[in-house]
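# Coordinate inspection notes
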Amino acid sequence: MRVIDIGRERGPEGPAVAGTVVWERRRRPPLRIFIGVDPSHEHMSRAGADAFLVAAAPVAMHHRERILDVEGTLDQKLVEGVVSAMEMVAGWYRDVRPVAIRGPFDEHRESTGATAGLLSGGIDSLATLMHARRRGRPDTVEELTTAIVIESGFDPFPMGGPYAHSVMALAEDLGVELVRVRTNLRALEPSNAFFRFRYHGAFLAAIGHALSSSISRLLIASGGAAALDAWGSHPKLDPLYSSSRLTVVHHLPTMSRLEKTRLVATWPVAMANLRVCLRSEGGADGGPNCGRCEKCMRTALAFAAIGVPPPEILGIGDLSADTVLACCRLNEYYVGFYTPLVGPLRAAGRDDLAGAVEQVIADRRRTDRVPIARLKRFERDVLGGRVRRLVRLMGRR
């Protein structure tokens with residue numbers, strides 16, 4: 001794989017740094033990838049090779065490219081980190097091997113700049129931003145000045161309308177600068193499984209490197225991956241995407257989801273602007289959260305576990321054992337998010353909800369014992385969904 005013609009360009013939606021990916025072994029046409037900002041933030045962008053190295057390396061390895069040749073000079077520290085990251089992922093999933101990275105390499109000077117966090121509207125993101133702005137946590141060392149909101153074309157909420165108003169309200173209340181980023185990096189490999197298990201941290205870090213003219217520290221909110229053996233954003237993986245110019249931090253990995261929920265519950269503006277749902281259609285009332293999916297229900301249960309009524313914006317309505325049983329179909333990874341809810345729900349006097357959570361966990365564990373479920377999990381997690389994509393492709397012919 002080669003990444004060539006790296007530079008600045010200006011499209012209908014504003015300025016961007018961009019490069020063209022040329023495949024070595026895959027029969028795919030060249031793809032122009034970009035990371036763009038609004039014109040008012042053009043000064044923050046940096047048209048260097050580092051962002052494209054981080055963005056392309058996991059994809060090149062996933063598709064068994066032999067060499068990754070990125071046009072321009074690469075940061076030596078970053079190259080060493082990316083090699084270590086590929087080795088880590090190859091150790092998790094036995095179907096890939098690291099690719100060779102071609103130079104030239106250089107030891108860039110360290111830069112000083114702002115600390116930035118990523119604003120999605122979810123519990124992890126909001127807890128990181130709140131913590132880093134020292135709201136309720138006087139011992140915090142980060143001095144957050146910038147919040148980045150990303151529009152990738154794969155997000156459930158386009159950057160416009162109510163979502164734009166929500167993120168602006170959150171940034172204004174925090175007193176941070178809001179930076180809107182547009183990118184098509186996920187077009188390199190659209191698979192959701194690839195993104196979750198292998199690419200999430202690299203995707204976010206690449207955006208940080210593209211803005212490293214102004215930021216020197218990027219906080220990636222931990223999603224609880226410390227309890228997982230393998231995940232695309234992980235406390236051991238994300239920092240490997242740091243360079244001499246940008247430090248990437250996997251933020252708050254030891255703070256539990258309940259602790260984060262308790263922190264967010266003290267922030268009224270966050271409670272009024274939660275965005276946790278992964279369904280693009282949102283709620284029946286036009287709200288941002290459907291109130292019917294696993295993610296919405298998990299968030300509502302977390303609020304119930306700390307004795308706080310779920311905010312109306314979640315769209316849950318009456319939170320009962322029946323609603324939990326109706327919507328929660330867990331995979332093996334989500335079980336780890338539900339197990340810690342049982343005890344706090346009982347302590348909060350919600351034995352009905354605790355019993356429902358125990359039942360959906362038991363249902364998942366029974367499913368795990370079925371051989372076909374194990375095969376499906378192996379095909380998804382280890383083979384990256386390749387067999388399923390091949391079957392779909394053959395079905396079209």
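Keep in mind the model is a prediction, meaning the values are calculated, not measured.

## Looking at the nonpolar core
Ranked by size, the top nonpolar core spans 68 residues in total, and within it Ile-148 and Tyr-199 carry the most contacts. With twelve residues, the top contributor of residues to this core is helix α5 (residues 192-210). Among residues more than four places away in sequence, those in contact with Ile-148 are Ala-116, Gly-117, Leu-118, Leu-119, Val-179, Val-181, Ile-207, Leu-211, Ile-215 and Leu-218. Judged by nonpolar contacts, the second largest core, of 61 residues, contains Ala-132, Ala-147, Val-276 and Tyr-338.

## Some remarks on the confidence of the model for the chain
Residues with a pLDDT of 70 or more make up 86% of the chain, whose mean pLDDT is 88. Mean pLDDT across the elements of the chain ranges from a minimum in helix α14 (residues 386-396), with 62, to a maximum in helix α11 (residues 342-347), with 98.

## Points about the sheet that holds strand β10 (residues 177-183)
Strand pairs in the sheet, formed through backbone hydrogen bonds, run parallel or antiparallel to each other. As summarised here, the arrangement of the ten strands in space is β6-β4-β1-β2-β3-β10-β9-β8-β11-β12, forming an open sheet in which the pairing is mixed. Where the open sheet ends on each side, the last strands, each with one partner, are β6 (100-102) and β12 (247-251). Across the sheet, the mean angle separating the axes of adjacent strands is 25° when strand polarity is ignored. Bridge count for strand β1 (residues 2-11) against strand β4 (residues 67-70) is two bridges, and the pairing is parallel. The residue of β4 that forms the bridge with Arg-2 is Asp-69. Most of the contacts of helix α1 (residues 50-62) go to β4, to which it runs at about 160°, and overall it touches β1, β2 (14-22), β3 (31-37), β4 and β6. The sheet contacts of α5 involve β2, β3, β8 (114-118), β9 (144-151), β10, β11 (215-221) and β12, and relative to β11 the element is tilted by about 160°.

## Details of the packing of aromatic side chains
Applying the stated rule across the entire model yields seven aromatic pairs. Here Trp-92 and Tyr-93 contribute two aromatic rings whose centre-to-centre distance is 6.4 Å and whose plane-to-plane angle is 90°, an arrangement assigned as edge-to-face. When its relative accessible area of 23% is taken as the criterion, Trp-92 is described as partly exposed. Measuring from ring centre to ring centre gives 5.2 Å for Phe-197 and Trp-231, while their planes differ by 80°; the resulting arrangement is edge-to-face. Separated by 34 residues along the polypeptide, Phe-197 in helix α5 and Trp-231 in the loop between β11 and β12 bring together distant segments of the chain. There is no split in this pair, since Phe-197 and Trp-231 are both buried. By way of ring pairs, the aromatic residues Phe-194, Phe-195, Tyr-199 and Phe-203 are connected into one cluster. When the ring centre of Tyr-93 is taken as reference, the NZ or CZ atom of Arg-198 above it lies at 4.1 Å.

## Points about helix α3 (residues 123-132)
Of all ten residues making up α3, ten are buried, and the element is well covered by its neighbours. Among all positions of α3, only Ile-123, Asp-124, Ser-125, Leu-126, Ala-127, Thr-128, Leu-129, Met-130, His-131 and Ala-132 are buried.

## Structural notes on the side chain of Arg-275
Mapped onto the elements of the fold, Arg-275 is located in the loop between α7 (268-271) and α8 (294-305). Polar contacts involving the side chain of Arg-275 include one to the side chain of Ser-166, which spans 2.7 Å.

## Side note on the environment of Asp-173
Note that Asp-173 resides in helix α4 (residues 161-174). For the pair Asp-173 and Trp-267, spaced 94 residues apart in sequence, the C-alpha to C-alpha distance is 9.7 Å.

## Quick look at the pairing of β9
In terms of burial, β9 is largely enclosed, as six of its eight residues are buried. Sheet topology note: the β8/β9 ladder contains four bridges and is parallel. The residue bridging Ala-116 from the neighbouring strand is Thr-146, located in β9. As judged from the six bridges shared by β9 and β10, these two strands associate in the parallel manner.

Criteria and cut-off values
- Residues numbered from 1 in each chain as written.
- Predicted model: local features only at pLDDT ≥ 70, side-chain atom pairs only at ≥ 80, totals over all residues.
- Heavy atoms only, no water.
- Core = buried A, V, L, I, M, F, W, Y, C linked by side-chain atoms within 4.5 Å.
- Buried < 20%, exposed > 50% of the residue type's maximum accessible area, 1.4 Å probe, protein only.
- Helix = DSSP H or I, 4+ residues; strand = E, 2+ residues; numbered from the N terminus.
- Contact = heavy atoms within 4.5 Å.
- pLDDT = per-residue confidence, 0-100.
- Pairing = 2+ DSSP bridges.
- Axes fitted to C-alpha atoms, helices over the stretch in contact; angles between N-to-C directions.
- Phe/Tyr/Trp six-rings, centres within 6.5 Å; stacked < 30°, edge-to-face > 60°.
- Lys NZ or Arg CZ within 6 Å of the ring centre and 35° of its normal.
- Polar contact = N/O pair within 3.5 Å; in protein donor to acceptor, adjacent residues only side chain to side chain.

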